[in-house]
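Coordinate inspection notes
Below, each chain spelled out in residue letters.
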Amino acid sequence: MTHHERLLIIDFGSQVTQLIARRLRELNVYCEIHPFNKVTDVFLAEFDPKAVILSGGPASVFAEGAPMPPKAVFDLGVPVLGICYGQQVMMHCLGGQVERGHGTAEFGRAFVTPTQAQTDLLDGWFAADREQVWMSHGDHVSIIAPGFEVYGTSPNAPFAITADIERRFYAVQFHPEVHHTPNGAKFYENFVRIAGFAGDWTMGAYREDAIAKIREQVGDKRVICGLSGGVDSSVAAVLIHEAIGDQLTCVFVDHGLLRQNEAEEVVKMFGENYNIPLIHADESELFLGKLDGVSDPETKRKIIGGLFIDVFQKYANQIEGAEFLAQGTLYPDVIESVSFSGGPSVTIKSHHNVGGLPEKMGLKLVEPLRELFKDEVRALGRELGLPPSFIGRHPFPGPGLAIRCPGEITREKLAILKKADAVYIDQIRKHGLYDDIWQAFVAILPVRTVGVMGDGRTYDFACALRAVTSVDGMTADYYPFSHEFLGETATRIINEVQGINRVTYDITSKPPGTIEWE
């Protein structure tokens, strides 16, 4: 297996740490995010990073028990970049000084101007006499550490860019990873060039490594793969099949929460393209029965996750020699399900496919996509030769329509939701917008509203249309449909779907909202 050059991102709790990883992956640099309290001297020795980035975070170096990197980070002899809190903690550790805000806080857009000093980190970065950046800091560096020099300043950050060129230590007060620092990609490009990365992180190399790892992990045992028909599980199934052939059996669980005609389409689509054994498990009555009367979104997710385990266990018992369960878990699933400190308090939402398996299953997990972002999974799918119809499908959550049906789930509401969603997606395809949108769906709202149809009064459900653009699902913007499109779509849904008399459009970005409603 190839030993990729690796960059370590030490996470101090920034909400945008994952964007650093996205920037680096786009440069074909393999990186991993690890919480500061997991990065020990032993960990550093084993990880053997070619460079290290210290992320931002909400803490203050003055706080009791403030998060700190291990001292060994600065003794590795590799380039280190500190961002925001990462800059402050670097200065604090290396002999500089940090002061509390006292009127010098900066939140939002700012402009950095260069000094006379020169560094390779800024090659081609300043497009003019100043560069727009995104600041988000209360405390600030007041005295830089010995050996550092100033390369950029802003009105409230006199040490906006500092560096110790000899030791290849760099520190910035702003966030080059966010969209609001327009030239941020160039900044990271310079840093990885200074570190000497060859850019060997490609999907072709990943494919070879993943196949070798799967063969090593599985041996001659059998694997069952939970297939949803979405991009993630389809790519995982094809990759595993390439590795172990007929040792793989896919199980497609119909939990009654799929979109209109989806079960039939997935079974047909997969059967026509791949010679992989596929079990179509219609367990809709089981799932809908257990969800009856449940309205709390986390409870819904936990029930569905638990039932998936039970169903896979049931079919695993029917497959002689099955010792592994394969899932299409992605890196964002892992990031969203675990807080940076390892605690449960700031978990955004639980993912049914993250967190291991109950001991009672007696199965071990195979998760060949766990290190990838969604766009990387699509690139791997193209590398594997999957049809565009697989690769281009909008993401669909494991809990399915359960989390697009706020409040209690009923068969009546599901039937209405399926029809409305089908009309909406048909509209998007008709207008040639499907491939421009990351994800689109309808949510049926837990309220009825008064309406007028013909000469009669109606009292039916309201629904919300959702469509977003995104790169990896970690952040998202609503899609700017024209009013004509929205009006036409609303008219179709109300006319063609009995049970809905009001249509709204969700224009919330992520953050502050999530893409799904629950």
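Scope of this entry: the structure provided in the associated data block. Every chain begins its residue count from 1, and numbering advances along the sequence as written. Totals for whole chains, interfaces and linings use all residues, but because this is a predicted model, local features are given only for residues with pLDDT of at least 70 and pairs of side-chain atoms are given and counted only at 80 or more. Processing note: side-chain calculations cover all non-hydrogen atoms of the structure and skip hydrogens and water entirely.

This part is about the overall build of the protein chain. Helix and strand assignments follow DSSP, with helices taken as H or I runs no shorter than four residues and strands as E runs no shorter than two, numbered in order from the N terminus. A count of helical and extended segments in the protein chain gives 14 helices and 20 strands. Computed over C-alpha atoms, the radius of gyration of the protein chain comes to 25 Å, within 12% of the 24 Å expected from 2.2 N^0.38 for 518 residues, which places it in the range of a compact globule. Expressed as a percentage of the 518 residues in the protein chain, the buried residues total 57%. Considering only contacts in the protein chain between residues 6 or more positions apart, those separated by 24 or more positions represent 76%. Of the roughly 21,900 Å² of accessible surface on the protein chain, a fraction of 50% belongs to carbon and sulfur atoms. Counting rule applied: Lys, Arg positive; Asp, Glu negative; His and chain ends not counted. Charged groups are reduced to one reference atom each: NZ for lysine, CZ for arginine, CG for aspartic acid, CD for glutamic acid. Counting 47 positive and 67 negative side-chain charges, the protein chain places the averaged centre of each group 4 Å from the other. Between the two quantities, the radius of gyration covers C-alpha atoms and the globule rule is 2.2 Å times the number of residues to the power 0.38. The rule is simple: take the accessible area with a 1.4 Å probe, protein chains only, and divide by the maximum for that residue type; under 20% is buried, over 50% is exposed, in between is partly exposed. Any pair of residues with heavy atoms lying within 4.5 Å of one another is described as a contacting pair. Note that accessible areas follow from Shrake-Rupley with a 1.4 Å probe, and for residues the cover is restricted to the protein chains shown.

The subject of this paragraph is the layout of surface pockets. Here a cavity is any set of points on a 1 Å grid over the protein atoms alone where a 1.4 Å probe fits but cannot get out, and a pocket is any open set with protein on both sides within 12 Å along at least 5 of 7 lines; a residue lines the site when it has an atom within 4 Å of a point. Grid points are joined across faces, edges and corners, and a volume is the space filled by probe spheres set on the points. Of the voids in this model, the second largest pocket is the one considered here, and its volume is about 530 Å³. Considering the residues around the second largest pocket, the lining is formed by 20 residues, among which Glu265, Arg393, Ile425, Arg429 and Tyr434 are closest to the centre. Where the lining of the second largest pocket is concerned, the elements lending two or more residues are α7 (262–273), α12 (388–391) and α13 (411–430). Of the residues forming the lining of the second largest pocket, the biggest block, six residues, is contributed by α13.

On to the side chain of threonine 449, then. Within the element layout of this structure, threonine 449 appears in strand β17 (residues 439–453). Here threonine 449 falls in the buried class, since its relative accessible area comes to 15%. Apart from residues no more than four positions distant in its own chain, threonine 449 is found in contact with Thr458, Tyr459, Asp460, Ala462, Asn501 and Arg502.

On to the environment of methionine 203, then. Secondary-structure assignment places methionine 203 in helix α5 (residues 203–218). Looking at methionine 203, the relative accessible area reads 12%, which means it is buried. In this structure the C-alpha to C-alpha distance between methionine 203 and leucine 384, which are 181 residues apart in sequence, comes to 9.4 Å. Apart from the residues within four sequence positions on either side, methionine 203 is in contact with Leu372, Glu376, Ala379, Leu380 and Glu383.

What follows deals with the nonpolar core. Residues belong to one nonpolar core when they are buried, are Ala, Val, Leu, Ile, Met, Phe, Trp, Tyr or Cys, and are joined through side-chain atoms within 4.5 Å. Ranked by size, the top nonpolar core spans 54 residues in total, and within it Leu257, Tyr424, Ile428 and Phe481 carry the most contacts. For this core, the element with the highest residue contribution is α13, accounting for eight residues. Ignoring anything within four residues of it in the chain, the contact list for leucine 257 reads Leu288, Leu291, Ile304, Phe396, Pro399, Gly400, Leu401, Ala402, Ile409 and Leu414. Membership of the second largest hydrophobic core comes to 40 residues, among which are Cys31, Ile53, Cys84 and Tyr151.

Glancing now at the sheet that holds strand β15 (residues 322–326). A pair of strands counts as paired when DSSP detects no fewer than two bridges linking them. The strand order across the open sheet built from five strands is β14-β13-β12-β15-β16, with neighbouring strands paired in parallel fashion. Among the strands making up the open sheet, the edge pair consists of β14 (278–282) and β16 (364–366). Each strand axis lies, on average, 30 degrees off the axis of its neighbour in the sheet, ignoring direction. The pairing of strand β12 (residues 222–226) with β15 spans four bridges and is parallel. Bridged to valine 223 within β15 is phenylalanine 324. Every angle, taken between N-to-C directions, lies between 0 and 180 degrees, and every axis is a line fitted to C-alpha atoms, over only the stretch in contact when it is a helix. Along the sheet face, helix α6 (residues 231–244) touches β12, β13 (248–254), β15 and β16 and points at about 160 degrees away from the line of β13.

Further remarks concern α13. Its 20 residues place the ends of α13 29 Å apart at the C-alpha level, agreeing with the 28 Å of an ideal helix rising 1.5 Å per residue. Every buried residue of α13 is accounted for by Lys413, Leu414, Ile416, Leu417, Ala420, Asp421, Val423, Tyr424, Ile425, Gln427 and Ile428. On its buried face, α13 sits against α8 (284–291), β17, β18 (456–469), α14 (483–496) and β20 (500–505). By this rule the span expected of a helix is its residue count minus one, scaled by 1.5 Å.

Moving on, we come to empty space enclosed by the protein. One pass over the structure, following the stated rule, counts two cavities of 30 Å³ or more. Approximately 40 Å³ is the volume found for the second largest cavity. Lining the second largest cavity are Gln87, His140, Val141, Ala157, Pro158, Phe159, Ala160 and Gln173. Here the element with the most residues in the lining of the second largest cavity is strand β10 (residues 157–164); it accounts for four residues. Under the convention adopted here, Pro, Cys and the residues Ala, Val, Leu, Ile, Met, Phe, Trp and Tyr are nonpolar, Asp, Glu, Lys and Arg are charged, and Gly plus all remaining residues are polar. Residues of the lining of the second largest cavity, tallied by class, amount to five nonpolar, three polar and no charged.

Our next topic: unusual backbone geometry. Residue lysine 510 is joined to proline 511 through a cis peptide bond whose omega torsion reads -10 degrees. Take proline 511: it is sitting in the segment after β20. Even without glycine at this site, asparagine 28 takes up a positive phi of about 60 degrees. Of note in this structure, cysteine 84 is not a glycine but carries a positive phi near 55 degrees. You can see cysteine 84 is positioned in the loop between β4 (80–83) and α3 (85–94). The class of cysteine 84 is buried, set by a relative accessible area of 3%.

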